[in-house]
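# A closer look at the structure
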Amino acid sequence: MDNNSTVFKRDIAEVRDVVLRRNSPIHAAGPVIEFGNWTQSDPFLGMMEDKFQAGSFDDHPHRGIETVTFVIDGTIEHYDSVSEQRGVLGPGDVQWMTAGSGVIHNEVPSEGVTAHVLQLWVNLPRDRKMTSPRYQNLKGAEMPVRQEKGAIARVFSGSSGNVVSGTKNHVPVTMVEAILEPGASIAQDLPGSYNGFIYILEGSGTFGSQGVTASQNQVLWLGAGIDGMPSEIQATAVEPLRFVLYAGEPLKEPVAARGPFVMNTEEEVNEAFREYRMGTFLKH
């Protein structure tokens, strides 16, 4: 950024280990961001890391949210009630699904493959809860890339420096995958109002204004910025480093969540369950 004196340097507020636990012989999972801490994580509802094979999940509905699925390893085949088409995502690809008024879908690893993914749930604001469903399949190889000395940032949503993604958002969200050589640094710019976190996929480094050390399978919650003031979060690689950063504009709205439905009131959640049981769930 042009004037460093007006940019707030963010710190790291929390570092936590992510541990996957086996739910079945074909599925292990662990929370990167715990569900239920709505105020702390706003606009994010939670994020899971999953390693799974075909048969782990049945077709299931969603309403009132977006899901952002990042494939770390393996391939997954996606089917949904809107397009009625199957798509395939490979390592480094993202699917940005707007459930909106409601979808029924499934994500299935290719036959004989163990898929390794992150899935983030992004809350939708009250006036977008019942918006039309939408799918954006974002191929990693086609995403715009910011290049710095010894570092690249692949921009799946929002921006990094002067590089801007074309991904459509209902809620402003920045999603960046960063890859750094040892000793290289990058500063990711963020609006001061954004809430966000980093998850380390490979290697180790130092982060934030305090130079906090963190490594693979650790999640780092960003310290708050100052609303109205540009901010940035600094990262420097100790070992070859790969991480994903997610940050977004908090909605500051009530959250009523149960199962796959996230609305603003309990009655709206009950209505979603009633419609699903009665066969009137899908609106588009």
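For the structure, check the block above.
One structure accompanies this document, and this report is about it. Per chain, the residues get numbers from 1 upward, laid out in the order the sequence is written. Residue-level local features of this predicted model are given only where pLDDT is at least 70; pairs of side-chain atoms are given and counted only at 80 or more, and the full residue set underlies all totals for whole chains, interfaces and linings. Each side-chain value is worked out from all heavy atoms of the structure, with water and hydrogens disregarded.

Looking now at the packing of aromatic side chains. Centre distance and the angle of the planes are the two values used to describe a pair of aromatic rings. In summary, the pairing rule links any two rings of Phe, Tyr or Trp, Trp by its six-membered ring, whose centres are within 6.5 Å, and it sorts them by plane angle into stacked for under 30 degrees, edge-to-face for over 60 and tilted for everything else. Tallied over the entire structure, the rule returns ten aromatic pairs. Centroid distance F207 to F243: 5.8 Å. Interplanar angle 75 degrees. Geometry classified as edge-to-face. With F207 in strand β21 (residues 204-207) and F243 in strand β25 (residues 241-248), the pair connects residues that are 36 residues apart, well separated along the chain. For the pair F261 and F281, a centre-to-centre distance of 5.5 Å together with 40 degrees between the ring planes defines the contact as tilted. Pair noted here: F261 is in strand β27 (residues 261-263) and F281 is in the segment after α2 (266-278), with a separation of 20 residues, a long-range link. These aromatic residues form a ring-pair network of at least three members: F44, F197, W221 and Y246. Secondary structure elements are defined from DSSP: runs of H or I of at least 4 residues count as helices, runs of E of at least 2 residues count as strands, and each element is numbered from the N terminus.

On to the environment of D227, then. Structurally, D227 is set in the loop between β23 (218-222) and β24 (231-237). For every residue, the accessible area obtained with a 1.4 Å probe (protein chains only) is divided by the maximum for its type, and the residue is called buried under 20%, exposed over 50%, and partly exposed between those limits. Among the residues examined, D227 registers a relative accessible area of 63% and is labelled exposed. When the C-alpha atoms of D227 and K168 are compared, they prove to be 23 Å apart, with 59 residues separating the residues in sequence. Residue contacts follow a heavy-atom distance rule, with two residues in contact if any of their heavy atoms lie within 4.5 Å. The residues contacting D227, other than those within four sequence positions of it, are G192 and S193.

In this section: the sheet that holds β25. A sheet is described by the order of its strands in space; here seven strands give the open sequence β2-β23-β20-β25-β18-β15-β14, paired in antiparallel fashion. Two strands bound the open sheet, and with one partner strand each, they are β2 (12-17) and β14 (145-148). Strand-to-strand twist across the sheet, computed as the mean angle between neighbouring axes with direction ignored, equals 20 degrees. Two strands pair if DSSP finds at least two bridges between them. With seven bridges connecting them, strand β20 (residues 195-202) and β25 associate as antiparallel partners. Bridge pairing links N195 to G248 in β25. Interaxial angles span 0 to 180 degrees and are taken between N-to-C directions of axes, which are lines fitted to C-alpha atoms, for helices over the stretch in contact.

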